[in-house]
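A closer look at the structure
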Amino acid sequence: MNLKQLSTRNKILWLVVVMAVAGVVAFTDTGEAEQPGAAASGPVNTGSPARDGASDAARVLAPNRSERQVTIVDQGLGIPISTMTVPKGWDLQHDIAVDPNTGQHTRFKLVAIGPRNQYVRSYLGQFPYGNINGVPFERALNQAVEHVVGVEKLERLRLDRPAPYPQLMEDPAAAAMAQRMASRGQKLEAYEIGFAGERGGRRYQGQIIIANFSSPGGFGVLSPGTAVFSLAEDYPEAYRVAEGMRRSMVRNPEHDRVMTSINERLRQQSDAYSRQMMDQSAVAHQRRMADQKAAFASHQRNMAGLNQIQDAAHESYMTTLRSRGSFASVGGDYGGQQAVVDQIHGRSSFTDPWTNSQIALDGQYKYNFTNGLGDYYRTNDASFEPASLQGDWRRIDPLGP
């Protein structure tokens, strides 16, 4: 069974899992970030800064006298999400808006860029694996890594073996959720994967944090949470900046309360739909032949275990407030009703190649281009040449029913 065959409730819950994963390990409490273009990118030798030697320690640990507090505001709800400390020379770019009716993000951008084009970015990928979609764990892990590293087009790329990332449990909500999952035989864990490569004759280095929800039923979901990326000589400092910003984050409880209210309403709607589906399944079950009953019961057990994982992740998402919040996903459908809504609001929807999710942009244009990094250029000028823009820009067509 693949994701397209899941019920509406389970599609929603799968997305909740992914949002929670990103929220648990993000360097701030919001989620995915806009990545700068290739000119603003960079990584080199692998491993955490602690393994890079003492030569960089004095420079990295030098006091920063120009730190500033930045408030991340939810433009859709009109409420601050969090505050965090940004060090001297770093630029925190953000534009976040949640639809109060759906809890979905209509806009999302969050990336911290350093003075030498190093960056710290949050992600929201979604890579399910196991008997829910027939994808082995190793393949899903490779897909998650490629989602982060592929855009950098590094030569002679070298990946470290995944190593435990215990910092995940520094978040009280994540620790409590992991304990509850363990009582059910399920698991929440995170890995760090160092990587290194070359581009343009220069060496680059980075680190990816990937979280994993798993069940003894043989399924789970992987999601990249954050990545640090820089020239090799800048990596120890970039890593420390990322950790410092993560630890400096202070969430706004009012935003927590509002998001909890929105998601509780969505959960109640999902539960009502689930009860309806269970009633229909019970009737269908009574009509099945004896040789089909064992397979049906196994499927129901697997789905029950999946729902437990998703419910736990949903709760974590609402308490950490660090997820992207979009209900568009792999396997998401764009139907006639969505097309009518886009027409009413004068907007167009696209499948964003960077996040692999649906986004809606104001305005309806004949020609639309993206660089695959979350940036768009739209025009009605038939003579416009995308090659005039910096980066690798390609045409993208709006979704249709």
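Residues numbered from 1 in each chain as written. Predicted model: local features only at pLDDT ≥ 70, side-chain atom pairs only at ≥ 80, totals over all residues. Heavy atoms only, no water.

1. Topic: the sheet that holds strand β18 (residues 376-379)
Pairing is antiparallel across the open sheet formed by three strands, whose spatial order is β18-β17-β19. On the outer flanks of this sheet lie β18 and β19 (394-395), each paired with one strand and no other. (Pairing = 2+ DSSP bridges. Helix = DSSP H or I, 4+ residues; strand = E, 2+ residues; numbered from the N terminus.)

2. Digging into the environment of Ser-230
Within the secondary structure, Ser-230 is located in strand β13 (residues 219-231). Linking Ser-230 and Ile-113, residues 117 residues apart in sequence, is a C-alpha distance of 9.9 Å. Polar contacts involving the side chain of Ser-230 include one to the main-chain amide nitrogen of Tyr-235, which spans 3.2 Å. (Polar contact = N/O pair within 3.5 Å; in protein donor to acceptor, adjacent residues only side chain to side chain.)

3. Quick look at the nonpolar core
Val-149, Ile-208, Ile-210 and Leu-222 are the most contacted members of the largest nonpolar core, which has 26 residues in total. Broken down by secondary-structure element, the contributors of at least two residues to this core are β6 (110-113), β8 (127-130), α3 (137-149), β11 (187-199), β12 (202-215) and β13. Ranked by residue count, the leading element in this core is α3, at six residues. Membership of the second largest hydrophobic core comes to 19 residues, among which are Ile-72, Met-84, Val-120 and Met-245. (Core = buried A, V, L, I, M, F, W, Y, C linked by side-chain atoms within 4.5 Å. Buried < 20%, exposed > 50% of the residue type's maximum accessible area, 1.4 Å probe, protein only.)

4. Re α3
Under the 1.5 Å per step criterion, the end-to-end length of α3 is 18 Å for 13 residues, consistent within 8% with the ideal 18 Å. Buried residues of α3: Ala-140, Leu-141, Ala-144, Val-145, His-147, Val-148 and Val-149, and no others. On the buried face of α3, the contacting elements are β8, β9 (155-159), β11, β12 and β13. (Expected span 1.5 Å × (residues − 1). Contact = heavy atoms within 4.5 Å.)

5. A look at the side chain of Ser-248
Relative to the helices and strands, Ser-248 resides in helix α5 (residues 235-248). If sequence neighbours within four positions are ignored, Ser-248 has contacts with Thr-83, Met-84 and Thr-85.

6. Notes on the packing of aromatic side chains
A full pass over the atoms with the stated rule returns nine aromatic pairs. With 6.0 Å between their ring centres and 55° between their planes, Tyr-235 and Tyr-239 make a pair best called tilted. With a gap of four residues between them, Tyr-235 and Tyr-239 both fall in helix α5, about one helical turn apart. Using a relative accessible area of 11% as the deciding quantity, one classes Tyr-239 as buried. Joined through ring pairs, the aromatic side chains of Tyr-119, Phe-195, Tyr-204 and Phe-229 make up one cluster. Directly above the ring of Tyr-123 sits Arg-121, whose terminal nitrogen or CZ lies 4.6 Å from the centroid. (Phe/Tyr/Trp six-rings, centres within 6.5 Å; stacked < 30°, edge-to-face > 60°. Lys NZ or Arg CZ within 6 Å of the ring centre and 35° of its normal.)

7. Structural notes on the confidence of the model for the protein
Averaged over all residues, the pLDDT of the protein is 74; the fraction at 70 or higher stands at 69%. Ignoring residues within four places in sequence, the model shows residues 317-332, a span with pLDDT below 50, making 88 contacts including any to other chains. (pLDDT = per-residue confidence, 0-100.)

8. Considerations on the sheet that holds strand β14 (residues 250-251)
One open sheet holds the three strands; their spatial order is β1-β2-β14, and the pairing between them is antiparallel. The sheet is open, and its two edges are formed by β1 (68-74) and β14, each paired on a single side. Lying on the sheet, α5 is in contact with β2 (79-86) and β14; it crosses β2 at an angle near 140°. (Axes fitted to C-alpha atoms, helices over the stretch in contact; angles between N-to-C directions.)

9. Points about the pattern of salt bridges
Applying the stated criterion to the full structure yields 14 salt bridges. Residues Arg-116 and Glu-233 are paired through a salt bridge, measuring 3.4 Å at the closest nitrogen-oxygen approach. One end of the pair, Arg-116, is in the loop between β6 and β7 (119-122); the other, Glu-233, is in the loop between β13 and α5, and 117 residues separate them in sequence. Taking relative accessible area as the criterion, Arg-116 reaches 44% and is therefore assigned partly exposed. A relative accessible area of 37% means that Glu-233 is categorised as partly exposed. Ionic pairing is found between Asp-392 and Arg-394, a salt bridge with its closest N-O pair at 3.2 Å. Since its relative accessible area comes to 57%, Arg-394 is described here as exposed. Linked by salt bridges that have partners in common, Arg-116, Arg-202, Glu-233 and Asp-234 make up one network. (Salt bridge = Lys/Arg side-chain N within 4 Å of Asp/Glu carboxyl O.)

10. Side note on the pairing of β11
Counting buried residues in β11 gives 10 out of 13 residues, a clear majority hidden from the surface. With three bridges connecting them, β9 and β11 associate as antiparallel partners. From the neighbouring strand, Arg-158 faces β11, where its bridge partner is Ala-196. Examined bridge by bridge, β11 and β12 share 13 bridges and lie antiparallel to one another. Considered in β12, the bridge of Ala-190 is made with Ala-211. Taken together, β11 and the strand that follows it, β12, pair antiparallel across an intervening segment of two residues, in which Gly-200 is found at a positive phi of about 60°.

11. Comments concerning the environment of Asp-256
Among the secondary structure elements, Asp-256 is positioned in helix α6 (residues 253-287). Judged by relative accessible area, which is 22%, Asp-256 ranks as partly exposed. Each C-alpha atom, one on Asp-256 and one on Ser-82, is 10.0 Å from the other, the two residues being 174 residues apart in sequence.

12. A closer look at unusual backbone geometry
With glycine set apart, most residues show a phi of negative sign, and most peptide bonds adopt trans. Positive phi outside glycine occurs at Lys-153, with the angle close to 50°. Structurally, Lys-153 is set in the loop between α3 and β9. The phi angle at Arg-156 is positive, at roughly 50°, despite the residue not being glycine. Note on placement: Arg-156 falls in strand β9. Given a relative accessible area of 60%, Arg-156 falls into the exposed group.

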